[in-house]
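Listed below, chain by chain, are the residues.
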Amino acid sequence: MTILDKLPQVRTPLRSTARPALALGTVLLLTSLTAASCEDTADVTVAEVGRSTVSEVVDAPASVTARAAATVTAPAEGTLARLAVTPGQQVAKGQLLAVIDSPATRTRLRQAKQALDASKRSGGGTVRVDLSAARRKLDASAREAFDHARAAADQVADPPTRDALLAHVTAAEAGYRQASAGVAAAAAAVQRGVASLGSAMQALGSAQRLQAQQAYDLAKASVDALTLRAPIAGVVQLGGTSSAAAGPDLSSLLGGMSTGAPAGMTGPVAAPAGVASAPAVGAPVSAGTAIVTVVDTSVLGIVADVDETDILLVRTGITAEVELDAAPGVRYPARVGAVDVLPTPNSRGAVAYRVHLTLETPSDAPTPRPGMSAVARLKVREAADVVAVPAAAVFTGEGRDSVWVRGTDGKAQRRTVVVGASGMDTLQITDGLREGERIVVRGVDRVTEGAALP
């Protein structure tokens, strides 16, 4: 081990992202005593160990979020016939925003209505065929003819001739019955086939009517959609959320909701330079053109990206202070409501986790706007009325945190300590020091074991 290894190192914060808050109260009491008898201890300061409250804070980049945002787009090609709201107007859910005039959409509705009426008039093409009545009439005529033939045969006087005639009539009647049974079976088959045909035609007619009804309902919904209404309550902003075609919309940035564009739309087309991005009344619009965006600012929040080295200290319910880039020096109270389970890679390539906070706006503070950049200072740990020392008094050597203690003989003694909560300027000492002991609070790098202390 070289002499450089033996030199004490002032303890530095373990996390580069942490900027803990100042301790609440005075940590070290009494007036510092500066030695003048020894050149090596000229810049060494000793003070008593006291008690204080130490707050450990994690700083994270953040942005203001709205509760929700919804962009209402034109459902079809046409013109903006009416705009019923103005920028900055507060609207309720379901309130009229605008009306789109689309002749093509209304023509499709008229054609669908005509097709529906025609399908209802067709009735489905029912087919009916009844062969049983004709067969019954034919059987009755045959029976009557056989009865007449049998009566005529009975009038013959010659017995052999009469018997022969009667036998012939009986045989003919039996043959007819057999033929009639075949005809009946064929007629039944035909009737069943006709019935099946009628059922098929009826089903086809029903399907046609159903298809026509669905086409009409779709066309009617398309016409109804030409009247644009607010999907949520909020503040009106004309046009979309961004003039850039490829840029993300406000809904994705703010975690809100969006009505979305019709299938096949890749996003709104950016307006040329010098032209307003919001369409004017009477201007042509295409399907998917953003007409109005409604932003719900009733509840503002904060989304902070906390580095993976600090995220295990963050839990729901802890408090925080938020400072906006647009309002330096103003503190906005906040509270952690949720911590994401999955990470979000940041621009530096490091892994971070999003922390969602609710934001309060003091009455005398400017009202934040969604998307504003901010810094969230999360109070991850707080120790009240504990033994605390200045951060400059603690140094790290040989893998341990230590302080220089002034012994009863006035000489420096190295003491290993256990650090708890880490504040920006103060550290909690959970073991190794007692209240009232005197330690080196400045110039620890100038002190060696056994050196005389002021």
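Keep in mind that what you see is a predicted model, and the values were worked out from it rather than measured.

Moving on, we get to the overall build of the protein. Regarding its fold elements, the protein presents five helices and 24 strands. Here the protein holds 454 residues, and 36% of them are scored as buried. In the protein, of all internal contacts separated by at least 6 residues, the share reaching a separation of at least 24 is 76%. Summing over all exposed atoms, the protein offers an accessible surface of approximately 25,300 Å²; the carbon and sulfur share of this is 55%.

As enumerated under the stated definition, the model contains 15 salt bridges in all. Ionic pairing is found between Glu-48 and Arg-438, a salt bridge with its closest N-O pair at 4.0 Å. Within this pair, whereas Glu-48 is found in strand β3 (residues 45-48), its partner Arg-438 is found in strand β24 (residues 438-442), the two being separated by 390 residues in sequence. Since its relative accessible area comes to 23%, Glu-48 is described here as partly exposed. For Arg-354, the salt bridge goes to Asp-305, with nearest N and O atoms at 3.7 Å.

Sheet architecture is open: four strands sit in the order β9-β8-β6-β11, paired in antiparallel fashion. In the strand order of this sheet, the two ends are held by β9 (227-229) and β11 (284-285), each with one partner. Where strand β6 (residues 78-83) and β11 come together, two bridges link them in antiparallel fashion. In the strand pairing of β11, Thr-79 is matched with Pro-284.

Turning our eyes to something else, we now look at the side chain of Glu-56. As for its placement among the helices and strands, Glu-56 is situated in strand β4 (residues 50-65). In this structure the side chain of Glu-56 is engaged in a polar contact, spanning 2.6 Å, whose partner is the side chain of Arg-381.

This paragraph deals with unusual backbone geometry. The backbone of Asp-385 shows a phi angle near 50°, a positive value even though the residue is not glycine. Of note, Asp-385 is situated in strand β18 (residues 373-390). Within the chain, Glu-398 stands out as a residue other than glycine whose phi angle is a positive 55°. The exposure class of Glu-398 is exposed, given its relative accessible area of 52%.

So, how was this worked out
- Residues numbered from 1 in each chain as written.
- Predicted model: local features only at pLDDT ≥ 70, side-chain atom pairs only at ≥ 80, totals over all residues.
- Heavy atoms only, no water.
- Helix = DSSP H or I, 4+ residues; strand = E, 2+ residues; numbered from the N terminus.
- Buried < 20%, exposed > 50% of the residue type's maximum accessible area, 1.4 Å probe, protein only.
- Contact = heavy atoms within 4.5 Å.
- Areas by Shrake-Rupley, 256 points an atom, 1.4 Å probe, with all protein chains shown as cover.
- Salt bridge = Lys/Arg side-chain N within 4 Å of Asp/Glu carboxyl O.
- Pairing = 2+ DSSP bridges.
- Polar contact = N/O pair within 3.5 Å; in protein donor to acceptor, adjacent residues only side chain to side chain.

So yeah, pure geometry; function would need other evidence.
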